[in-house]
Amino acid sequence: VVSFWMGTVVFFAWIGVTLLDDNTNINPVGVRVNTGFDSFGRALYSMFVASASDDFIQVFNPTFTQNRAYGLMWIWCLFLSKFLFLNLILAMIFETYKERFEREIKLFQRNQSESLKKAFTMMATKGPDEEDPTVSREDFFALITALQESPKTPSIHQGSIEYVYKAIDSDNNNTLEEAEFESVIDSIQKTFWITDKYSRLERVFPRFYTQQWVQTMKTWVWEQDESEQCKLDNIMNVVLLANTVVVVAESYYDINHITTYNNLFTVIETGFGVVYVVEFFVLMVCMSWGEYTSSASRIFDCFTTWLLFAVSLLYYLPVANVQAGLMHYANILRLLRLVRVLKSLKRVSKVAFMFKCVSTILSSATEILFLLLILLYFYSSIACQLFGGLLYQGNPDLEGSEYKEKQYYAFNLNDMTMALASWYVMLLCEYNPSIVDGVRHALKPWRHGSNPMWIIYPVFYFSVVIFAFELVCAFIIETFTELAEKERKDTNDEAEDHQHKTDRTDSEISNCSDDTEVDPLAKIADELDKQNLCFHYVNSAAATKAKIYKMMFEGEESGEESESGTEEHVEKNRDVTELKRMTVLQLEEESRSLQQKREEFEARQKVEKEEQVQILRLKRMLEEKEKELIDLRRELSETKTAARSNLTTIATAELTASQAASSLEDKLRENQALRQQVASLEAKQAAMKRGNLQVAGMRPVAPGATRYNFMNTTPLTFRVAGNISLR
């Protein structure tokens with residue numbers, strides 16, 4: 001694909017230099033038409049800039065301004081190189097990376113599974129009453145202690161090992177089977193800690209906590225509704241919404257330099273600060289400090305609450321300079337309260353999903369981002385050595401460069417900080433020809449030609465932009481797609497579970513409660529809650545990253561087969577529970593369907609009786625129709641017989657007519673023969689008449705005439721055989 005892209009750039013560079021190298025005309029805006037195409041080298045670089053960066057308008061503008069027909073060349077060039085082949089390069093790079101990483105993940109998981117099996121075989125012992133070998137509790141504790149010496153193993157507090165063991169031992173028999181032992185990797189990657197649920201003040205001032213309003217306040221803090229929000233959180237969300245409106249109004253007046261309501265806003269901000277301080281003390285009364293600091297969002301709330309409260313109090317100091325200096329920064333600090341509004345929006349599923357996507361992508365893309373940072377540092381070091389001290393304001397070598405025209409002096413390579421900033425801009429813009437143009441002008445030419453050291457920028461484009469940066473973009477897209485698909489499946493499953501729960505009655509739930517298996521970690525949390533303790537655990541970054549990689553590179557089926565640890569066992573228990581629940585629901589549905597079938601059967605019987613009556617009626621009608629059909633058949637047979645007799649008569653008549661016709665033809669032949677005889681006789685008679693009339697001295701006047709001329713006066717003797725007239 002890279003070859004096709006480079007070939008497209010070379011091909012259109014050749015077309016451009018062929019068409020434009022001799023066109024030195026000036027276009028309507030005063031620029032030479034062949035700018036950047038007066039030689040093949042310049043044409044190749046111009047096509048590279050047009051294909052690689054967003055500055056392609058500046059490249060094709062001189063030619064397109066002169067003649068719009070050149071737009072056909074640019075349309076095809078930009079479509080093939082910038083739109084088609086660059087995206088194909090992105091897809092090819094990520095697909096190659098994905099296949100290679102998938103092989104590494106599968107190899108790592110296979111080695112991990114084999115190592116766990118070998119470790120279980122070495123540690124497992126078989127008791128007298130046990131059918132299968134198991135790992136004892138003491139051996140497991142010794143294993144965890146030994147693993148703590150490895151730098152890659154997360155540190156586990158000695159008191160948390162007990163909860164790791166409980167999380168693995170799902171059947172609570174104080175021994176680990178092979179399936180349970182395989183989940184040890186995921187379990188040790190969790191961080192467990194326990195905090196007191198209620199404040200220590202409750203033990204110091206017990207009478208104070210027995211008052212009704214204090215108990216009501218504790219229920220506001222600890223009792224949660226269906227959206228997992230306590231009543232105090234719901235109240236503070238309303239306060240945050242009102243505070244947001246005030247911050248927006250205050251920012252509007254501050255931007256437009258309206259100082260009429262400054263004192264009013266100061267009082268309102270102080271009031272909100274007092275409300276947030278009251279919230280802090282309420283939480284301190286109702287929960288312990290360890291429980292309060294177990295949440296990062298509460299720590300942030302504590303920081304912003306006291307910071308903004310202190311800022312609001314500084315307005316009342318008698319020092320005017322302090323008030324004026326803090327005015328601007330206080331307006332900026334007020335925006336921190338908007339972060340609490342965003343935190344409250346996490347109740348919305350779409351917003352919570354976006355927070356989850358951002359955190360997951362940042363935690364799982366650390367290797368790729370770190371690779372990108374190393375490449376930026378590498379090129380920054382080289383650029384500082386090659387071009388340091390060349391790009392500065394006042395350098396005469398920069399005359400006529402785009403670098404000077406656009407005032408890009410801040411993007412110099414004189415130190416590592418500015419070099420990193422320059423390469424970072426080059427990375428985001430994919431390729432910035434203005435910075436490259438400044439470097440080309442600033443470089444001193446070599447003895448035998450120009451200095452080619454600026455080639456480092458195209459090399460940076462190929463090695464960092466096309467490969468590393470596009471790989472990061474593809475990784476983000478792929479991760480977001482997988483998370484969105486998983487979120488969609490989880491939402492559908494929750495909706496189905498909620499629907500099943502609403503369809504079941506209380507008695508059905510109580511009957512199935514004994515068969516429901518509980519999450520081991522949730523069971524531990526319930527046991528500690530009875531002791532007024534709170535149980536917390538979080539997955540490490542490595543565990544989260546491994547889970548994302550499994551989801552991306554292995555798919556759902558392979559991820560489920562290879563997943564180990566507590567999460568796997570919990571999922572299995574959930575599957576069993578779900579199967580049992582589905583079995584009960586299926587039985588209920590079957591009983592309901594049987595009842596419906598009975599009702600349908602009775603209804604069908606009624607319908608069948610009515611259909612039988614209709615069938616009898618139809619049979620009678622059918623018999624009558626059959627009788628009519630028999631009569632019609634009889635009439636048809638009689639008609640056929642009459643038709644046959646008529647056909648016989650017609651055949652006889654035709655035979656008679658044919659005979660008469662043949663006899664008539666014979667008679668006609670006879671008549672024709674007689675006519676011929678008569679004609680011959682008449683001819684003979686006429687001949688005989690002509691023979692009798694021929695005498696000497698007479699000749700007919702004309703053939704066939706009966707008039708004769710006498711040529712002399714010699715007396716003639718006539719013998720007349722018939723009547724004749726003479727003249």
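Note on numbering: residues in each chain are counted from 1, in written sequence order. Given that this is a predicted model, residues contribute local features only at a pLDDT of at least 70 and side-chain atom pairs are listed and counted only at 80 or more, while totals for whole chains, interfaces and linings are drawn from all residues. The side-chain quantities take in all heavy atoms of the structure and omit both hydrogens and water.

### Overview of the overall build of the protein chain
Secondary structure is summarised from DSSP: a helix means a run of H or I of at least four residues, a strand means a run of E of at least two, and numbering begins at the N terminus for each. From N to C terminus, the protein chain includes 28 helices and six strands. Partly exposed describes any residue whose relative accessible area lies between the buried limit of under 20% and the exposed limit of over 50%, with all areas from a 1.4 Å probe on protein chains only and scaled to the type maximum. Evaluated residue by residue, the protein chain yields a buried proportion of 32% over its 727 residues. In the protein chain, the share of contacts with a sequence separation of at least 24, taken over all contacts with a separation of at least 6, comes to 70%. The protein chains shown are the only cover counted for residues, whose accessible areas, like all others here, come from Shrake-Rupley with a 1.4 Å probe. Accessible surface, the protein chain: about 47,000 Å² in total, of which carbon and sulfur atoms supply 59%. Here a residue-residue contact requires only that any non-hydrogen atoms of the pair lie within 4.5 Å.

### Things to note about the nonpolar core
In these notes, a set of buried Ala, Val, Leu, Ile, Met, Phe, Trp, Tyr and Cys residues joined through side-chain atoms within 4.5 Å is what counts as a nonpolar core. Membership of the largest hydrophobic core comes to 69 residues, with the highest contact counts inside it found for Met-47, Trp-74, Trp-423, Tyr-431, Tyr-457, Phe-460 and Tyr-461. Going through the elements one at a time, helix 1 (2-20), helix 2 (40-52), helix 3 (56-66), helix 4 (70-123), helix 19 (366-387), helix 21 (416-428), helix 22 (433-442) and helix 23 (456-503) are the ones with two or more residues in this core. Ranked by residues supplied to this core, first place goes to helix 4 with 14 residues.

### Considering the packing of helix 11 (residues 212-222) against helix 13 (residues 262-286)
Following both chains from N to C, one finds helix 11 and helix 13 inclined at 100°, their axes separated by 10 Å at the closest point. What the angle tells us is that helix 11 and helix 13 run roughly perpendicular. In this structure, helix 11 contributes Met-217, Lys-218, Val-221 and Trp-222 to the contact, and helix 13 contributes Val-282, Leu-283, Val-285 and Cys-286. Residues are grouped as follows: nonpolar covers Ala, Val, Leu, Ile, Met, Phe, Trp, Tyr, Cys and Pro; charged covers Asp, Glu, Lys and Arg; every other residue, Gly included, is treated as polar. Its residues assigned to classes, the contact of helix 11 with helix 13 comprises seven nonpolar, no polar and one charged. Axis angles are defined between N-to-C directions and span 0 to 180 degrees, where every axis is a line fitted to C-alpha atoms and, for a helix, only to the segment in contact. Note on angle classes: values under 35 degrees are labelled roughly parallel, values over 145 roughly antiparallel, values of 65 to 115 roughly perpendicular, and the remainder oblique.

### Some points on the environment of Lys-350
Assignment of secondary structure puts Lys-350 in helix 18 (residues 349-364). Note on Lys-350: relative accessible area 63%, which makes it exposed. On a C-alpha basis, the gap between Lys-350 and Glu-487 in space is 9.9 Å, while along the polypeptide they are 137 residues apart.

### A short note on helix 3
Among the residues of helix 3, those classed as buried are Val-59, Phe-60, Pro-62 and Thr-63. All buried residues of helix 3 project into a common sector of 135° when viewed along the axis, lining one side. Looking at the buried side of helix 3, the elements it contacts are helix 1, helix 2 and helix 4. Picture the helix axis, draw a direction to every C-beta atom, and the arc is the one those directions span.

### What about the pattern of salt bridges?
Opposite charge on two side chains permits pairing when their charged atoms draw close. Just to be clear on terms, a salt bridge is a Lys or Arg side-chain nitrogen sitting within 4 Å of an Asp or Glu carboxyl oxygen. With the rule as written, the count across this model stands at seven salt bridges. Note that Arg-42 and Asp-38 form a salt bridge whose closest N and O atoms lie 3.6 Å from each other. Measuring nitrogen to oxygen at the nearest pair gives 2.6 Å for the salt bridge that ties Glu-485 to Arg-488. Of this pair, Glu-485 and Arg-488 both sit in helix 23, three residues apart, roughly one helical turn. On the basis of relative accessible area, Glu-485 is assigned to the partly exposed category, the value being 35%. Taken together, the shared-partner salt bridges connect Glu-665, Asp-666 and Arg-669 into one network.

### Structural notes on unusual backbone geometry
We note that Gln-407 has phi near 55°; this positive angle belongs to a residue other than glycine. For Gln-407, the location among the structural elements is in the loop between helix 20 (402-405) and helix 21.

### Some details on the packing of aromatic side chains
Aromatic pairing here means that ring centres of Phe, Tyr or Trp (its six-membered ring) are within 6.5 Å. Orientation follows from the plane angle: under 30 degrees is stacked, over 60 is edge-to-face, and everything else is tilted. Enumeration according to the criterion identifies 33 aromatic pairs in this entry. For the pair Tyr-379 and Phe-460, a centre-to-centre distance of 5.1 Å together with 85° between the ring planes defines the contact as edge-to-face. With Tyr-379 in helix 19 and Phe-460 in helix 23, the pair connects residues that are 81 residues apart, well separated along the chain. Taken individually, Tyr-379 and Phe-460 each receive the classification buried, so the pair is uniform in this respect. Taken together, the aromatic side chains of Trp-5, Tyr-45, Phe-48, Tyr-431, Trp-454, Tyr-461 and Phe-462 make up a single cluster linked through ring pairs. A ring has a charge above it when a Lys NZ or an Arg CZ is no more than 6 Å from the ring centre and no more than 35 degrees off the ring normal. A cation over a ring is seen here: Lys-218 above Tyr-198, with NZ or CZ 4.2 Å from the ring centre. When the ring centre of Trp-454 is taken as origin, the NZ or CZ atom of Arg-440, which lies over that ring, is 4.5 Å away.

### Some thoughts on the side chain of Asn-432
Tracing the chain through its elements places Asn-432 in the loop between helix 21 and helix 22. On the basis of relative accessible area, Asn-432 is assigned to the buried category, the value being 9%. Side-chain polar atoms of Asn-432 contact the backbone nitrogen of Ser-434, separated by 3.1 Å. With residues up to four places along the chain from it excluded, the contact list for Asn-432 reads Tyr-408, Val-425 and Met-426. Each polar contact in these results corresponds to two N or O atoms within 3.5 Å; when the atoms are within protein, one needs to be able to donate a hydrogen and the other to accept it, and residues that are neighboring in sequence are counted only if both atoms are side-chain atoms.

### Thoughts on the confidence of the model for the protein chain
On average, residues of the protein chain score 75 in pLDDT, and 76% of them are at 70 or above. Along the chain, pLDDT gives the predictor's confidence residue by residue, from 0 to 100. By mean pLDDT, the top-scoring element of the protein chain is helix 19 (88), and the lowest-scoring one is helix 27 (residues 555-562) (43). For the stretch residues 505-517, pLDDT sits under 50, and the model shows twelve contacts to residues farther than four places along the chain or on other chains. Every residue in residues 555-567 scores below 50 in pLDDT, and together they form 30 contacts with partners more than four places removed in sequence or on other chains.

### Some thoughts on the side chain of Asn-243
Tracing the chain through its elements places Asn-243 in helix 12 (residues 231-255). Residue classification places Asn-243 among the buried positions, given a relative accessible area of 1%. At 2.8 Å, the side chain of Asn-243 forms a polar contact with the side chain of Tyr-276.

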